[in-house]
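# Analysis of the macromolecular model
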Amino acid sequence: MVKVEDLSCGYGKEIVLKDMSFEVKTGQFVGLIGPNGSGKTTMIRAISGLLSPQKGVILLNGKPVSRKRRRELASKIAVVTQSPEPTPPFSVEEFVLLGRVPHWSRFQLLETKRDVEIAERAMTLTGISSLSGRGMGKLSGGQRQLANLARALAQGPDLLLLDEPTAHLDIGHQVHIMRLLKKLNTEALTIVAVLHDLNLASLYCQRLILLNKGRLRSAGHPKEVLTEEIINEVYETSIVVKEDPYISGPLVFPVQ
Amino acid sequence: MCNRNPKSEIPPGHRHLRVGGRNPKYYTWIGWTFFLITILLGVVVFSLAVGAVDLPLRKAFFLLTKGPGTPEYAILFEVRLPRILLGLAVGGGLAISGVILQGMFRNPLVEPYTLGISGGAALGVCLNIVADGPRVFGPLATPASGFLGAMGIIFLVYAISARGEAIRLSRLLLIGVMVSFMASSLIMLVMAVTRTEDLHGIIFWIMGSLEEPSSSLIRVTLFISLGGMMLSFLFAVDLNALSLGEEEAFHLGVEVDRVKKTLFVIASLLTGCCVAVAGIIGFVGLVVPHLMRLLVGGDHRILLVASYISGAAFLILCDTLARVVIAPTEFPVGVITGLVGGAVFIYAMSRKSYSF
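Below is a short write-up of the structure.

Okay, the interface of chain B and chain A next. The interface of chain B with chain A comprises 31 residues on the first partner and 30 residues on the second. Only helix 10 (236-242) and helix 11 (246-251) of chain B provide two or more residues apiece to the side of chain B that touches chain A. When grouped by side-chain class, the residues that make up the side of chain B that touches chain A number 12 nonpolar, 10 polar and 9 charged.

So this is what it looks like as structure tokens:
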């Protein structure tokens, strides 16, 4: 679905990502991991078309992302960014309905019945239907993230990009969001998520891509990426990796 | 916190959102629109009826049928009505400029004058009066110089902040504020060296007034103001997306840079015209959008319409008060908009929890 070829990009003269190449296949759930400042958010921005590549190319279904029209792209790729600071002056339902905007014609001003239905389905799926009339400012952090996710789903995307969807959430909400993503993934949604929690990444992702200092350090099944040697080197710390017999993936623990 | 009235959880304007069937939100919007139009019409009738010469309403309707010729007819349709029309154009225009800019910058303190438009216009008029423009070029020289001044400043602000590909909004705002300060310093400089009789003209223009003798100028302003309203309405959905932030709007398929530029031009043109004709009438563009956000909610599809109508009603009402409070002399209308607008807004803020 997404093919990144020899990509270099960044902000102005500052190049963040260097010579990056990888592929995300349709139906995969990919975790993007790496230390702070390794270029994960920039990678999400590049795939979503917000940053144009300075070198190389990003292909979405075989066509360069940077040459697609905005609305067309937004109806294929939905992005959940790290929640923006000021609260939008909308109710949850209005907020989720904004996800339908990419499907509107240029001068359409009113949502159709179908838009409302799709938004409602997205809210049911994320379990926030009961909040639909509430103002966005009155949501808890977890509810707000669910609303962000519902809006992204209302876009009806083929590819969902998430930037730290579990940041600042308690463990209950973290697991809730990850399970939801897993469920959506089995229903044929391709997902690329930036994750900081290596154990969550290991538990839920089929494939991990580890970035370090703007370069691809390692990519593959969690077992191949989350090894003591690689993680200790990249994060400059000391951890141990344990394989739990009851769980499919390796788990990472810090040592004193 | 927990035993709060559940109704207060529902944002304004959406109390009937979930009744089902065809989206009832639209009926609420139509209701608000009619309500505000009724208020506007009430204000217009009131403004027609009161003044230095009292004209009872019955008499006004009688005059309509009797036709021109009488002095009352002249007062009504050649003195008061043009003022009302200009109030409509300027009040509405400033209010939606405020909505556009506040929505775009996501900053509650931005108003049409923040970007230096008023400073530029005032500087233009100042120079024009000092250079004896009105005597050389006729009465239209004042609005023309105001407009040129406003556009000059806007062009400058835009050119400085648009270096490179995209305009950065925070930069635009800061440069606007700085240019605004520089313009007011220049105005003070000009005023310091000018003759006393010119000073009076400058101060009066800066205080703002809806007194405008040229009926064709009023017509042009009305046309631009209504046109700007319709044009910006086409960007209502983009403004909704932009109020989530620029990056979010981008991900929702909005051509962020093009939309920002277009909206900036619309707001500048509207404000430039209003300021050029009516002088600097403060507060309308700041307070009306906030009040309407409290009343009808943050969706720009209704917010723009509601703000236009109520901005017009607000300015016409303030101008009427300015005319009658110490008749036959007049207050500067800016005094009334500031006092009334500020008081109403503080009251509304203290009554209701409000997040921008």
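Read on for the rest.
As a further point, take the sheet that holds strand 9 (residues 207-212) of chain A. Residue and element names in this part refer to chain A. Pairing in this open sheet of 6 strands is mixed, and the strands run 6-7-8-3-9-10 from one edge to the other. Strands with a single pairing partner mark the edges of an open sheet, and in this sheet they are strand 6 (77-80) and strand 10 (215-220). Each strand of the sheet is rotated relative to its neighbour by a mean of 15 degrees, with strand direction disregarded. Pairing geometry for strand 9 and strand 10, over 5 bridges, is antiparallel. In the sheet register, N212 faces strand 10, and the bridge partner there is R215. Contacting strand 3 (29-33), strand 6, strand 7 (159-163), strand 8 (190-194) and strand 9, helix 1 (residues 40-48) crosses the sheet at an angle of about 150 degrees to strand 7.

This part covers the packing of helix 1 (residues 25-49) of chain B against helix 3 (residues 71-105) of chain B. How two helices sit against one another is set out by the angle between their axes and by the gap between those axes. Residues and elements named next belong to chain B. Between helix 1 and helix 3, the shortest axis-to-axis distance is 10 Å and the interhelical angle comes to 145 degrees. With respect to the hand of their crossing, helix 1 and helix 3 are arranged in right-handed fashion. Residue-level inspection shows V44, S47 and L48 of helix 1 in contact with helix 3, the latter providing L76, R80, L81 and I84. Grouping the constituent residues of the contact of helix 1 with helix 3 by class yields 5 nonpolar, 1 polar and 1 charged.

The subject of this paragraph is the pairing of strand 12 (residues 250-254) of chain A. The two faces of a sheet get side chains in turn, since along a regular strand they alternate between them. All names here are of chain A. Pairing analysis gives 5 bridges linking strand 11 (residues 239-243) to strand 12, with the strands arranged antiparallel. Residue pairing for strand 12: K242 is matched across the bridge by L251. Where strand 11 hands over to strand 12, the hairpin turn is made up of 6 residues, counted between the paired strands.

Turning next to the sheet that holds strand 5 (residues 63-64) of chain A. Residues and elements named next belong to chain A. Read from one edge of the open sheet, 4 strands run 2-1-4-5, paired in antiparallel fashion. Single-partner strands in this sheet number two, and they are strand 2 (14-24) and strand 5. Pairing of strand 4 (residues 55-60) with strand 5 involves 2 bridges; the strand directions are antiparallel. When the sheet's bridge partners are listed, L60 is paired in strand 5 with K63.

Rules and cut-offs
- Residues numbered from 1 in each chain as written.
- Chains lettered and ligands numbered in written order.
- Predicted model: local features only at pLDDT ≥ 70, side-chain atom pairs only at ≥ 80, totals over all residues.
- Contact = placed C-beta atoms within 7 Å.
- Helix = DSSP H or I, 4+ residues; strand = E, 2+ residues; numbered from the N terminus.
- Nonpolar A, V, L, I, M, F, W, Y, C, P; charged D, E, K, R; others polar.
- Pairing = 2+ DSSP bridges.
- Axes fitted to C-alpha atoms, helices over the stretch in contact; angles between N-to-C directions.
- Left-handed = near helix turned anticlockwise from the far one by under 90°.

By themselves, these observations are geometric and do not establish any function.
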